[in-house]
Amino acid sequence: MSDSSVSNPPLKIAILGAGAWGSALAKLANYNGHTVYLWSRRLGNSLAESIHSIDVLVSAISMRGVTATIDQLHSLKLPDQIPIVTATKGLDPDSTCTPSQLWGRGFPDHPIVVLSGPNLSAEIQQGLPAATVVASEDLEAAKIVQRVFASNRFRVYTSSDPMGTELGGTLKNVIAIAAGVCDGLQLGTNAKSALLTRALTEIIRIGTHLGGKTETFFGLSGLGDMLTTCNSALSRNYRVGYGLAAGKTLEQVLTELGSTAEGVNTTNVLIEIAHRERIPVPISWQVYQLLNHQITPQKAVESLMERDLKPEFYL
Ligand SMILES: NC(=O)C1=CN([C@@H]2O[C@H](COP(=O)(O)OP(=O)(O)OC[C@H]3O[C@@H](n4cnc5c(N)ncnc54)[C@H](OP(=O)(O)O)[C@@H]3O)[C@@H](O)[C@H]2O)C=CC1
Ligand SMILES: O=C(CO)COP(=O)(O)O
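Source: prediction; values computed, not measured.

Okay, the UniProt feature "binding site: NAD(+)" (unreviewed entry) in the chain next. Under the feature "binding site: NAD(+)" (unreviewed entry), the UniProt entry names G17, A18, G19, A20, W21, G22 and R236. In this structure, G17 sits in the loop between β1 (12-16) and α1 (20-31). With relative accessibility at 7%, the residue G17 sits in the buried group. With respect to the secondary-structure elements, A18 resides in the loop between β1 and α1. For A18, a relative accessible area of 26% translates into the label partly exposed. Residues within four places of A18 in sequence aside, it is in contact with S23, L38, W39, S40 and L43.

All told, the structure shown has 3 aromatic pairs when counted by the stated rule. Aromatic pair W103 and F107: ring centres 6.1 Å apart, planes at 25°, arrangement stacked. With relative accessibility at 8%, the residue F107 sits in the buried group. The ring of Y31 is capped by R153, whose NZ or CZ atom sits 4.0 Å from the centre of that ring.

Pairing is possible between side chains of opposite charge, provided their charged atoms come close. Overall, the coordinates contain 8 salt bridges when judged by the stated rule. With its nearest N and O atoms 4.0 Å apart, the salt bridge here joins K143 to E140. Placement of both K143 and E140 in helix α6 (residues 139-149) is noted, with a separation of 3 residues, approximately one turn of the helix. Judged by relative accessible area, K143 falls into the partly exposed class, the value being 31%. With relative accessibility at 51%, the residue E140 sits in the exposed group. In this structure, K172 and D225 form a salt bridge, with 3.7 Å as the shortest nitrogen-oxygen distance. Pair noted here: K172 is in helix α7 (residues 162-184) and D225 is in helix α10 (residues 220-230), with a separation of 53 residues, a long-range link. Residue classification places D225 among the buried residues on the basis of a relative accessible area of 2%. Within this structure, K89, K172 and D225 form a network of salt bridges that share partners.

So, on to the site of ligand 1. Ligand 1 sits among 23 residues. The nearest are R41, R42, R236, T260 and E262. Here an oxygen atom of ligand 1 sits 3.0 Å away from a polar atom, N or O, in the main chain of A18. Between ligand 1 and the protein, one listed contact pairs an oxygen atom with a side-chain N or O atom of E262 at 2.6 Å. Contact with the protein chains covers 90% of the free accessible surface of ligand 1, which is 890 Å².

Inspection of the secondary structure puts L120 in the loop between β5 (112-116) and α5 (121-125). L120 gets classed as buried once you look at its relative accessible area, which sits at 14%.

Between its first and last C-alpha, helix α13 (residues 262-277) extends 22 Å over 16 residues, near the 22 Å set by a 1.5 Å rise per residue. Of the residues making up α13, those classed as buried are E262, G263, V264, T266, T267, V269, L270, I271, I273 and A274. Of the surrounding elements, those touching the buried residues of α13 are α7, α8 (189-209), α11 (236-245), α12 (250-257) and α14 (282-291). Phi for R278, located one or two positions after α13, is positive at around 55°.

Looking now at the UniProt feature "binding site: sn-glycerol 3-phosphate" (unreviewed entry) in the chain. When the UniProt feature table is mapped to this numbering, "binding site: sn-glycerol 3-phosphate" (unreviewed entry) covers K89, G117, K172, D225, S235, R236 and N237. Within the secondary structure layout, K89 lies in the loop between β4 (84-86) and α4 (99-106). The exposure class assigned to K89 is buried, which follows from its relative accessible area of 16%. Not counting residues within four places of it along the chain, the set of residues in contact with K89 comprises S116, G117, G169, T170, K172, N173, D225, E262 and T266. In contact with D225, other than residues within four places in its own chain, are K89, G117, P118, N119, G169, K172 and L220.

Quick notes on the rules
- Residues numbered from 1 in each chain as written.
- Chains lettered and ligands numbered in written order.
- Predicted model: local features only at pLDDT ≥ 70, side-chain atom pairs only at ≥ 80, totals over all residues.
- Heavy atoms only, no water.
- UniProt positions renumbered as here; feature names shortened; annotations may be inferred.
- Helix = DSSP H or I, 4+ residues; strand = E, 2+ residues; numbered from the N terminus.
- Buried < 20%, exposed > 50% of the residue type's maximum accessible area, 1.4 Å probe, protein only.
- Contact = heavy atoms within 4.5 Å.
- Phe/Tyr/Trp six-rings, centres within 6.5 Å; stacked < 30°, edge-to-face > 60°.
- Lys NZ or Arg CZ within 6 Å of the ring centre and 35° of its normal.
- Salt bridge = Lys/Arg side-chain N within 4 Å of Asp/Glu carboxyl O.
- Near = heavy atom within 4 Å.
- Polar contact = N/O pair within 3.5 Å; in protein donor to acceptor, adjacent residues only side chain to side chain.
- Areas by Shrake-Rupley, 256 points an atom, 1.4 Å probe, with all protein chains shown as cover.
- Expected span 1.5 Å × (residues − 1).

The structure is reproduced here in structure tokens:
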């Protein structure tokens, strides 16, 4: 148990989704002495029993299961006013909403907290040090969640910008695919730095348009998560890009992965939003065309290099 156990009374936490991330979050909460009820379809346990008299609900369900899970919870009795934590990094293809928006609409009387940061689950399962952000418009709820997960191996910061925190973690998955292509094609360190730096500008452009704050994208859940995901073969999104650069089909890469790579769906939804809102997203657009079999990885690089010349910033 961690040193903070005295000031951190044990709570009952339900974690929905027993995949890679839900299991790692369960381990972190267990480490702090909390009682964890881990639920997933695959485990076959009862959702009603898992949420009975809990203090905090955490969702680590992949994007495609979020709406169905919210619907299922509606027919059950969720304890009043408990914080709902969303740790999903994705965008809903039907509504283009973020997971926290879906949870907020589904449970308007509950504080919604976004948990997002550079958090590769395999490293967290090994007990390696990491940090994350818990963001909410309800600071008290964010502090409760901070105490649930914070320990000497997991540093948790609060934030009052849930939208920026969520979008940083979500949009960087698109860039991780591009980074995998960059490394897979062996384009070099200069190219990778140029890609990530311009990608951050792109993320900030779209993220602030959708309501996030600029500073948040320079923090752990933005730049921090982008650095992690774009530089690690542990990242499934990075591996998607790397596999495409090696000439594999998307279907082949996803079959070999056998687990969630949210960036594929996120790219499609992001391009829908960018077209609707008329926001330029040149890097994400190349990723979109690549994923949708419209160009080769080499052609994507050429297109980015041959764009119209312009100032770096409009100062
Ligand atoms: N892995 C990581 O390092 C991190 C992942 N994340 C994010 O967390 C989310 C989950 O990722 P991860 O755990 O890695 O993915 P996994 O593929 O390992 O697990 C996905 C989980 O979602 C559940 N799920 C999928 N579809 C449905 C559905 N229709 N109804 C109910 N449950 C469903 C699965 O349930 P079942 O087992 O029953 O199929 C499983 O528990 C993603 O959005 C990811 O981006 C965030 C930070 C780190
Ligand atoms: O979000 C993550 C790390 O912060 C996990 O990345 P992948 O989903 O690409 O594995």
